[in-house]
Amino acid sequence: MPPAAEREPWRWLAAGRASRRLVLVVVFVALLLDNMLLTVVVPIIPTFLYTTEYEGTNGSVAPARTEPAPPALKAPLFSSMFSYFDNTTVTVLGSTSTEELVNGTESSRLPQPPPSSPPVPSGCPEGEEFLAKENVRVGLLFASKALIQLVVNPAVGLLTNRIGYHIPMFIGFTIMFLSTVMFAFSGTYTLLFIARALQGIGSSFSSVAGLGMLASVYTDDFERGNAMGIALGGLALGVLIGAPFGSVMYEFVGKSSPFLVLAFLALLDGALQLCILQPSKISPESTKGTPVSTLLRDPYILIAAGALCFSNMGVAMLEPTLPIWMMQTMCSPKWQLGMAFLPASISYLIGTNLFGILANKMGRWLCSLIGMAVVGVSLLCVPLAKNIYGLIGPNGGLGFAIGMVDSSMMPTMGYLVDLRHTSVYGNVYAIADVAFCMGFAIGPSTGGAIVRAIGFPWLMIIIGVINIAYAPLCWYLRNPPAKEEKIAILSQECPMQTKSYTTQKTLRDFPLTDDSDVEAENAE
């Protein structure tokens, strides 16, 4: 083989490492797998716990409520007798005489059985008290991921400032793979809880490092908005595929199958990261980032973070409570529990990609304001559904509106740092992820308790009204003021342009090639 042909793969690999688009692909795939694992458990956990714990302790319980056959040895209240007079079988009281039977008067005299509770539709699971308690337990299990992520995120933000984004991204992949395998083979609530918490650690590394990497590579505000929209499309696609994929695989193949498929996809993601990101390479930021405490005192960053938190809290409350509510009121089979989230996932995918571009034109603040209002209205409409088809409209509107908010506020966080602080993005996207996780921590953990106390409809009313009430605060993001020193820098470097802001540090085409650090030092 000629030397030129031998060097061709290495040349392609070097070109790939210098490409911003391939970095976007890596972040897209990481968010896709993270959120597939996030939602694939939504339809599996409630039915799995019901099957293993309730049915396991109460013997073989049929899924449908059937009338028990009368005991043969007991004196029954009713009994069947054959009439030779008209060749028919009739049901009579034990005390009914043969004369009454022959005269055909027994049917009019028979007292009706005592009134009981209204009949439950066929197919509904038994154990309503167990299902009510399960709301709280499933909510806590789902919330464990976000609670752990809340704790780990600030540390990951500091770590990315010191060693760069590549190694944390690969650490996130490794932990996610272990969590996925653990989900596949866990058979108790405790092991599932540990696997979910482990997922939170891996998700923290992947999301903070991934979004920070995109913000550092796409320095132009308009390009960054488009890139964030595409990356959030990976998040949306993971949410889209996760719940329906999990419910169908669990119903027809088994509990372990969806997690083993995800583990295989995670291995492919790890190979992609090894090729593109070079996770053994330490590349710290050349400029010291703004401390998290300073960013948390910025009211504009807090408003953007609050929009992310409350809009996602609605769907976070639905995840543990909607499947159980459907089991109780609609008597839905297993596969429908995941399919109920399909309209929200499809519309979220459309919303993030559409408004990644449109939000920059119509104003990200306005896009977020409208999105939060639509989130509130959609949540108010969810309890009105009588079957799975009635959930299509509310869940579709919910997903589309959350897509509007996410695709607007994620680039806004990077824009606010450029405008008001030092242009280093690890800490601000740690805050964004904390806001996202607070929604997914508070939502499931409190949602289950609220459903048990006052019911599912009131839960939807509470979170819907909160979103509608918070929406007007997005108006303050319409024209946030810049710090004085940032105004001076911006006026010198782009006096006529208002939508593209140059960062303070020396710009490099891409910080992942072996020669890029040498080029940056020579430029300095």
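Residues numbered from 1 in each chain as written. Predicted model: local features only at pLDDT ≥ 70, side-chain atom pairs only at ≥ 80, totals over all residues. Heavy atoms only, no water.

## Considering the overall build of the chain
Within the chain one finds 20 helices and 2 strands. The buried share of the chain, reckoned over its 524 residues, is 54%. For the chain, the share of sequence-separated contacts (at least 6 apart) that also reach a separation of at least 24 residues comes to 84%. Of the roughly 23200 Å² that the chain leaves accessible, carbon and sulfur atoms contribute 66%. (Helix = DSSP H or I, 4+ residues; strand = E, 2+ residues; numbered from the N terminus. Buried < 20%, exposed > 50% of the residue type's maximum accessible area, 1.4 Å probe, protein only. Contact = heavy atoms within 4.5 Å. Areas by Shrake-Rupley, 256 points an atom, 1.4 Å probe, with all protein chains shown as cover.)

## Observations concerning the side chain of Asn-153
Relative to the helices and strands, Asn-153 resides in helix H6 (residues 128-163). For Asn-153, a relative accessible area of 0% puts it in the buried group. With near-sequence residues (within four places) excluded, Asn-153 lies in contact with Ser-204, Val-208, Ala-430, Asp-433, Val-434 and Cys-437.

## Examining the packing of helix H8 (residues 189-217) against helix H17 (residues 426-454)
Running from N to C, H8 and H17 cross one another at 130°; their axes reach a closest spacing of 9 Å. Our classification of the angle between H8 and H17 gives oblique. Judged by the twist between their axes, the crossing of H8 over H17 is right-handed. Residue-level contacts link Ser-203, Ser-204, Ser-207, Val-208, Leu-211, Gly-212 and Ala-215 of H8 to Gly-426, Tyr-429, Ala-430 and Asp-433 of H17. Of the residues in the contact of H8 with H17, the class split is 5 nonpolar, 5 polar and 1 charged. (Axes fitted to C-alpha atoms, helices over the stretch in contact; angles between N-to-C directions. Parallel < 35°, antiparallel > 145°, perpendicular 65-115°, else oblique. Left-handed = near helix turned anticlockwise from the far one by under 90°. Nonpolar A, V, L, I, M, F, W, Y, C, P; charged D, E, K, R; others polar.)

## Some details on the state of the cysteines
Applying the stated rule across the entire model yields 0 disulfides. The thiol of Cys-367 is unpaired, and the distance to the nearest cysteine sulfur, on Cys-474, comes to 9.7 Å. Looking at Cys-367, the relative accessible area reads 0%, which means it is buried. (Disulfide = S-S within 2.5 Å.)

## Quick word on the nonpolar core
Grouped together as the largest cluster of nonpolar side chains are 109 residues, with contacts concentrated most on Leu-318, Leu-322, Met-326, Met-413 and Tyr-429. Setting aside chain neighbours within four positions, we find Met-326 in contact with Cys-331, Ser-332, Gln-336, Leu-337, Ala-340, Ile-388 and Leu-391. Judged by nonpolar contacts, the second largest core, of 6 residues, contains Val-152, Ile-175, Phe-205 and Val-208. (Core = buried A, V, L, I, M, F, W, Y, C linked by side-chain atoms within 4.5 Å.)

## So, the side chain of Asp-34
Here Asp-34 lies in helix H2 (residues 20-40). Despite its burial, Asp-34 pairs with no opposite charge, the nearest such side chain being Lys-145 at 4.4 Å. (Lys, Arg positive; Asp, Glu negative; His and termini not counted. Salt bridge = Lys/Arg side-chain N within 4 Å of Asp/Glu carboxyl O.)

## A word on the packing of aromatic side chains
Each aromatic ring pair is characterised by the separation of its centres together with the angle its planes make. Across all of its chains, the model carries 7 aromatic pairs by this definition. The interplanar angle of 50° and the centroid separation of 5.2 Å between the aromatic rings of Phe-170 and Phe-173 together place this pair among those described as tilted. One end of the pair is Phe-170 and the other is Phe-173, both in helix H7 (residues 166-185) and 3 residues apart, which spans about a single turn. Residue classification places Phe-170 among the partly exposed positions, given a relative accessible area of 21%. Residue Phe-173 is classed as buried on the basis of its relative accessible area of 11%. (Phe/Tyr/Trp six-rings, centres within 6.5 Å; stacked < 30°, edge-to-face > 60°.)

## Thoughts on the confidence of the model for the chain
The predicted coordinates should not be examined in detail at positions where pLDDT is low. Averaged over the chain, the pLDDT score is 75; the fraction of residues at 70 or greater is 70%. Note that pLDDT drops below 50 for residues 60-79; the model gives that stretch 28 contacts with residues more than four away or on any other chain. Counted against residues more than four places away or in other chains, residues 92-122, with its pLDDT under 50, gives 30 contacts. (pLDDT = per-residue confidence, 0-100.)

## A few points about H8
With 29 residues, H8 ought to run about 42 Å at 1.5 Å a step, and its terminal C-alpha atoms sit 42 Å apart, in line with that. Here H8 lies mainly inside the structure; 23 of its 29 residues are buried. (Expected span 1.5 Å × (residues − 1).)

## Quick word on the packing of H2 against H7
Direction vectors running N to C along H2 and H7 enclose 25°, while the axes themselves pass 11 Å from each other. The angle between H2 and H7 falls in the class roughly parallel. The two elements H2 and H7 cross, and the hand of that crossing is left-handed. Taken together, the residues of H7 that come into contact with H2 (itself represented by Val-26, Ala-30, Leu-33, Asp-34 and Leu-37) are Met-169, Met-176, Ser-179, Thr-180 and Phe-183. Taken together, the residues of the contact of H2 with H7 sort by class into 7 nonpolar, 2 polar and 1 charged.

## Focus: helix H15 (residues 364-381)
The end-to-end C-alpha separation of H15 is 26 Å, in line with the 26 Å expected for 18 residues at 1.5 Å each. Buried within H15 are the following residues: Arg-364, Trp-365, Cys-367, Ser-368, Gly-371, Met-372, Val-375, Gly-376, Ser-378 and Leu-379.

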